[in-house]
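Single-letter residue listing:
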Amino acid sequence: MECISIFDMLKIGIGPSSSHTLGPWRAAERWISELKSSGHFESVQKIQVHVYGSLSLTGKGHATDYAIMLGLSGADPVEIPVTDIHRIVADISGTGQLHFGGERQLDFNPKEDIVFNRKFLPFHANGLKFEATIQDGTKKSQKYYSIGGGFVVVEERKNAKKKIATFNTFPYPVQKGDELLNYCKQEHKTISEIVLTNEQSLRSDGEIDTQIKRVWETMLECMYIGCHTEGHLPGGLNVRRRAFEIHKNLMLTADSYNTPENWLQTIRQTEVKFRQILKWVSCFALSVNEVNASLGRVVTAPTNGSAGVIPSVLMYYMVIENHDAGFEHIKKFLLVAGEIGSIFKKGATISAAMGGCQAEIGVSSAMAAGALTELLGGTPEQVLMAAEIAMEHHLGLTCDPIGGLVQIPCIERNSMGAIKAINAAELAIDSNPEDAKVPFDKVVQTMWETAKDMNSKYKETSEGGLAVGVFLSDC
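Being a predicted model, the structure only gives us computed values, none of them experimental.

A. Region of interest: the nonpolar core. Core analysis: the biggest nonpolar cluster contains 110 residues, and Trp-216, Trp-263, Met-315, Phe-333, Leu-334, Ile-340 and Phe-344 have the highest contact counts within it. For Met-315, the residues in contact, after removing those within four places along its chain, are Trp-216, Leu-220, Met-223, Trp-263, Leu-264, Ile-267, Phe-284 and Ile-320. Core analysis: the next-biggest nonpolar cluster, separate from the first, contains 37 residues, Ile-32, Leu-72, Phe-108 and Phe-130 among them.

B. Structural view of the packing of aromatic side chains. Considering all chains together, one arrives at 11 aromatic pairs under this definition. On the numbers, 4.9 Å between centres and 25° between planes, the contact of Phe-41 with Phe-100 is stacked. Of this pair, Phe-41 sits in the loop between helix 2 (18-37) and strand 2 (44-53) while Phe-100 sits in strand 3 (residues 97-100); the two residues are 59 residues apart in sequence, bridging distant segments of the chain. For the pair Phe-41 and Phe-100, a shared accessibility class is recorded, and that class is buried. For the ring pair Tyr-224 and Tyr-257, a centre distance of 6.3 Å and an interplane angle of 75° mean the geometry is edge-to-face. Of this pair, Tyr-224 sits in helix 9 (residues 205-227) while Tyr-257 sits in the loop between helix 10 (243-250) and helix 11 (260-267), and the two are 33 residues apart along the sequence.

C. Representation of the pairing of strand 7 (residues 139-148). Pairing of strand 6 (residues 126-134) with strand 7 involves seven bridges; the strand directions are antiparallel. What sits directly across from Phe-130, in strand 7, is Gln-142. Hairpin connection, strand 6 to strand 7: the antiparallel pair is bridged by four residues, and Gly-137 has positive phi, about 95°. Where strand 7 lies against strand 8 (residues 151-153), three bridges are found, and the strand directions are antiparallel. Within strand 8, the position partnered with Tyr-145 by the bridge is Val-153. Hairpin connection of strand 7 to strand 8: two residues between the antiparallel strands, including Gly-149 at a positive phi of 70°.

Cut-offs and rules
Residues numbered from 1 in each chain as written. Predicted model: local features only at pLDDT ≥ 70, side-chain atom pairs only at ≥ 80, totals over all residues. Heavy atoms only, no water. Core = buried A, V, L, I, M, F, W, Y, C linked by side-chain atoms within 4.5 Å. Buried < 20%, exposed > 50% of the residue type's maximum accessible area, 1.4 Å probe, protein only. Contact = heavy atoms within 4.5 Å. Phe/Tyr/Trp six-rings, centres within 6.5 Å; stacked < 30°, edge-to-face > 60°. Helix = DSSP H or I, 4+ residues; strand = E, 2+ residues; numbered from the N terminus. Pairing = 2+ DSSP bridges.

Just geometry here; none of it tells us what the structure is for.
Right, here's the structure in full:
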């Protein structure tokens, strides 16, 4: 059984897309590593990258070409200063030289050496091939597939001899929601406690806490930056940032602050009528995805395109529901959210190129709804009920980005997904799961069946829906 850590579901990376930016970036890093392992790295004379399917159709708007160049240059998406991104890409384009793996200079012309092919490869909609010409004239190539959330895989040959591999096995391996609930009943534990035990089989308590803190600090900083940055987003649509103005209108206090942590405390002193709550949640969600659209650093949750839902719902809990909330609440929330996301990944997909936006916003809303429900005192059954409700009302949601950019309707959808998550949690808290007609596992299965039935033009191709219904000249 596949064991997916919460840190696989919640990755720190650069926007605007986990599948179209972070995935190709990681694929480039992986290819360089494999070239070194095979002893071919030093012999490479020329490189070319072919991009296929959805990666090609929306690649320019999703900065896939940027990601490939940065990955080939040896930059790390977790550590790279965001301010260096445009400089590195400009240097490559201007000089025709790429610092391959951060070690060797190679001739590289992005316009010729990154080839965008409209054709889809059979294995997955997000395919790319790296090809190296070696000193003796031979070529070494490898195909990779970016399957959503920054996950990258290769396709195994059908007749390849099966290898016996050793995998980490969780104490409580989970493929479906029912299995998770059974563990909770048997052990008399909450979902977060079960998930924490699994994580403890991979790393120490100190390492778990350190990584969770880093994830939350990245989320908080992202919201902070988004709420304090005005202007327009890059890409040509001339989309005006909205989080800045909403935030300015909501901050009624004159208190000063200079860190994300002090900012959080200041928000706790603001007015919290219903309309203000809606605006705050929307503001938090918009802020994250405006940063994401600007090639900023975000946390895939489970993807970059849906990165605003989980932090905005967690922030809602901390600044509206529970002013005493601290690290232990953040930890529980992210443990539950990560586990729910992993079940969707195992049983369906978190890739919009495979399942439409239901696989991104729908899954993130389900993750946030379930996590919030545990913090509100819900039972494990109510947690999965909340996740089911959230996904149920995202089924069939298409991915149709205008201009191939992760902006319209993507940014607003994070706001809607966050509000739905909070509503789903409240509905579940006030319900008896024994009366539920739609089990969590059934909605996971239904989402996957819906994904398979969905017309391909609604799966992150910019060939259907709003992407063709709204002309760029209208923007």
